[in-house]
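# Reading the structure
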Amino acid sequence: MSYVEEIYNRVVEKNPAEPEFHQAVKEVLDSLSIVIEQHEEEYRKAALLERLTEPERIVSFRVPWVDDQGQVQVNKGYRVQFNSAIGPYKGGLRFHPTVTRGILKFLGFEQVFKNSLTGLPIGGGKGGSDFDPKGKSDAEVMRFCQSFMTELCKYIGADQDVPAGDIGVGGREIGFLYGQYKRIKGLYEGVLTGKGLTWGGSLARTEATGYGLVYIVEEMLKHQNDDLKNKTVVISGSGNVAIYATEKVQQLGGKVVALSDSNGYVYDPEGIQLDIVKDIKEVHRGRIKEYADRVASATYTGGKGIWAITCDLALPCATQNELLIDDAKTLVANGVKLVAEGANMPTSIEATQYLQSNGVAFMPGKASNAGGVATSALEMTQNSERLSWTFEEVDAKLKDIMVGIYAKVADAAKRYGREGDFVTGANIAGFEKVVDAMTAQGIV
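Residues numbered from 1 in each chain as written. Predicted model: local features only at pLDDT ≥ 70, side-chain atom pairs only at ≥ 80, totals over all residues. Heavy atoms only, no water.

## Quick look at the side chain of serine 348
Residue position: serine 348 is located in the loop between strand 11 (338-340) and helix 13 (349-357). Given the relative accessible area of 7%, serine 348 is considered buried. Apart from the residues within four sequence positions on either side, serine 348 is in contact with Gln23, Asn321, Leu323, Leu324 and Ile325. (Helix = DSSP H or I, 4+ residues; strand = E, 2+ residues; numbered from the N terminus. Buried < 20%, exposed > 50% of the residue type's maximum accessible area, 1.4 Å probe, protein only. Contact = heavy atoms within 4.5 Å.)

Now the structure itself:
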C-alpha cells in the first residue's frame with residue numbers, strides 16, 4: 001500500500017462520519033502522489049502526512065444566549081486551528097445550521113493550501129457555529145456573538161489566530177464579535193478581519209473574493225488568447241462572493257444570466273441587474289425569488305437546476321458539493337468552456353474529473369477564491385502599520401496576488417508533467433511551501 005493510500009485510510013478510520021473532510025483529504029493527496037512518491041521515505045520517517053492531515057488544535061465549546069422571548073438557547077461553537085507552519089491561523093467563521101466539526105476540518109484543511117498560495121505569511125484555520133442568523137433580530141445576533149467570543153477570545157490574537165467572516169458572518173456579526181473581544185481583552189488589535197472601515201477595516205475587502213475569482217478567470221482566458229467580453233456566465237449563490245463576481249464580470253464585458261440561493265434560482269437572459277440584487281440581498285436581506293417579481297425578463301425556478309442553463313463560463317459560488325456529476329455532464333453537453341470555484345469545494349471529485357476529462361478548464365477554490373483571505377491578510381498588514389490604503393491600492397495588490405496564484409499553479413502543474421491540470425498544480429504549489437516550513441521547524 002502506498003503512503004498516500006495508507007494516510008487516506010487512516011484519516012477515514014480516525015475521523016468517522018466526516019465525509020467532507022475525507023473528500024478534501026483524498027482530493028489533495030491523490031493529486032500530490034506524484035510529489036510524495038519522490039520523497040516517500042523521507043516523508044514517512046517524519047510522519048509528514050500524518051501531521052499535515054491532523055489539526056494542531058480543535059476547540060469546541062457551548063454557546064448559551066438568550067432570545068427575545070427570554071428563552072435560553074444553546075449552540076455549539078468551534079475553532080479548528082489546522083496548521084501554523086507559515087504564519088498565524090487565518091480563516092473564516094461560519095454561522096449556519098450545517099456547521100459541524102467535520103465541515104470545519106474540511107474547510108480548515110483547504111485553507112492551509114489556499115493561504116499558502118497567496119504568498120502571504122498566514123496559516124490555515126476555520127471556525128463557526130450551528131447558529132443560524134437568518135430570522136434573528138440584531139439584538140439576538142449581538143447576544144449570540146458576545147457569548148461566542150467570550151469563549152473564543154481565549155484562543156485567538158493578532159499574532160496567533162485571526163478569524164474573518166464566512167457564510168452567515170458579515171459586517172454586523174464581525175462588529176459584535178470585535179466589540180466583545182475588545183471589551184474582554186482591553187486590546188485594540190487586528191484580531192478579526194472584515195471590520196468596518198471606520199474601525200480598522202480595509203477597502204475592497206467586501207469585493208475581494210468575487211473580484212479575485214474573476215481576476216484569475218481573466219488570467220486563465222488570457223492564456224487561451226481569449227477574454228470575458230460577450231461571454232455568458234452562470235453564477236450560483238447570491239451572497240457576497242456571487243454579487244461581486246457578477247459586478248467584475250460585467251465590468252469586464254461579460255453577461256451574467258443567473259444567480260441562486262438555497263431555495264432556487266433566477267434566470268434573466270437580458271443579463272442580471274445587479275443594483276436590484278444588491279437591494280434585495282444587502283439592504284433587505286431578502287430571497288433571490290424577489291428578483292423575478294421585480295424584473296419582467298426574469299424567471300424563477302424553485303430547487304436546483306441552475307447548471308442546466310447554457311453558458312460559456314460557470315462559477316459555483318454557493319456552498320460545498322453543489323455541482324455534482326450530472327450537473328457536470330449537463331454543462332459539458334451545453335458547451336461550457338471554463339469552471340472556476342468561488343465557494344469552498346463546490347464541485348464533487350467526480351464532477352471535477354468529468355469536466356477536466358472533457359477539456360473544460362477548471363480552477364479549484366483553493367486558488368480561485370483565495371482573494372478574500374488575501375485581502376484579509378492585507379487588512380492585517382494595514383492594522384499592524386496603523387495605515388489605510390486606498391481602494392485602488394488594495395485592488396491592485398489583490399489582482400497581482402491572483403495573477404501570481406495562476407502563475408504558481410500553472411508552473412507546478414507543468415513541472416510535474418500535468419500542464420493545464422490546475423487542481424494538481426494548486427495542491428502541489430500550496431503543499432511545497434507548507435512542507436518546507438514544517439520540515440525547517442522540526443517535529444512540532
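## Focus on the packing of helix 16 (residues 391-415) against helix 17 (residues 422-440)
Put simply, helix 16 and helix 17 touch, their axes get as near as 7 Å, and they point 100° apart. Between helix 16 and helix 17, the interaxial angle falls into the category roughly perpendicular. Judged by residue contacts, Tyr406, Lys408, Val409, Ala410, Ala412, Ala413 and Arg415 of helix 16 engage Phe422, Gly425, Ala426, Ile428, Ala429 and Glu432 from helix 17. Here the contact of helix 16 with helix 17 is composed, by residue class, of nine nonpolar, one polar and three charged. (Axes fitted to C-alpha atoms, helices over the stretch in contact; angles between N-to-C directions. Parallel < 35°, antiparallel > 145°, perpendicular 65-115°, else oblique. Nonpolar A, V, L, I, M, F, W, Y, C, P; charged D, E, K, R; others polar.)

## Focus on the UniProt feature "active site" (unreviewed entry) in the protein chain
Those residues carrying the UniProt feature "active site" (unreviewed entry) are Lys126 in this numbering. Looking at where lysine 126 falls in the secondary structure, it is placed in strand 4 (residues 123-129). In this structure lysine 126 comes out as buried when scored by relative accessible area, which is 3%. With sequence-adjacent residues up to four places away left out, lysine 126 is seen in contact with Arg79, Val80, Gly91, Gly92, Leu104, Leu107, Gly108, Gln111, Asp166 and Asn344. (UniProt positions renumbered as here; feature names shortened; annotations may be inferred.)

## With respect to helix 8 (residues 208-222)
The terminal C-alpha atoms of helix 8, which comprises 15 residues, lie 20 Å apart, in line with the 21 Å expected from a rise of 1.5 Å per residue. Buried residues dominate helix 8, accounting for 13 of its 15 residues. (Expected span 1.5 Å × (residues − 1).)

## Section: the packing of aromatic side chains
Summed over the entire model, instances satisfying the criterion amount to 18 aromatic pairs. Ring centres of phenylalanine 95 and phenylalanine 131 lie 6.1 Å apart, and the angle between their planes is 85°; on these two criteria the pair is classed as edge-to-face. Of this pair, phenylalanine 95 sits in strand 3 (residues 89-95) while phenylalanine 131 sits in the loop between strand 4 and helix 6 (138-152); the two residues are 36 residues apart in sequence, bridging distant segments of the chain. We classify phenylalanine 131 as buried; its relative accessible area is 1%. An aromatic cluster of at least three residues, connected via ring pairs, comprises Phe61, Trp65, Phe95, Phe131, Phe144 and Phe148. The lysine or arginine in question, lysine 26, covers the ring of tyrosine 8, its NZ or CZ lying 5.3 Å from the ring centre. (Phe/Tyr/Trp six-rings, centres within 6.5 Å; stacked < 30°, edge-to-face > 60°. Lys NZ or Arg CZ within 6 Å of the ring centre and 35° of its normal.)

## Considerations on the state of the cysteines
According to the stated counting rule, one finds zero disulfides in the structure shown. Left without a disulfide partner, cysteine 145 is nearest to the cysteine sulfur of cysteine 153, which lies 14 Å away. (Disulfide = S-S within 2.5 Å.)

## Concerning the domain arrangement of the protein chain
For the protein chain, the assigned domains are domain 1 (55-185) and domain 2 (207-359). Inter-centroid distance (C-alpha atoms) of domain 1 to domain 2 is 27 Å. With 10 residues of domain 1 in contact, the opposing surface of domain 2 contributes eight residues. Between domain 1 and domain 2 lies a buried interface of about 660 Å² when both sides are counted; carbon and sulfur atoms form 42% of it. Element by element, the count of residues in the side of domain 1 that touches domain 2 is highest for helix 5 (residues 101-117), at four residues. A per-class count over the side of domain 1 that touches domain 2 returns four nonpolar, no polar and six charged. (Domains from an automatic or database assignment. Buried area = accessible area lost by both parts, 1.4 Å probe.)

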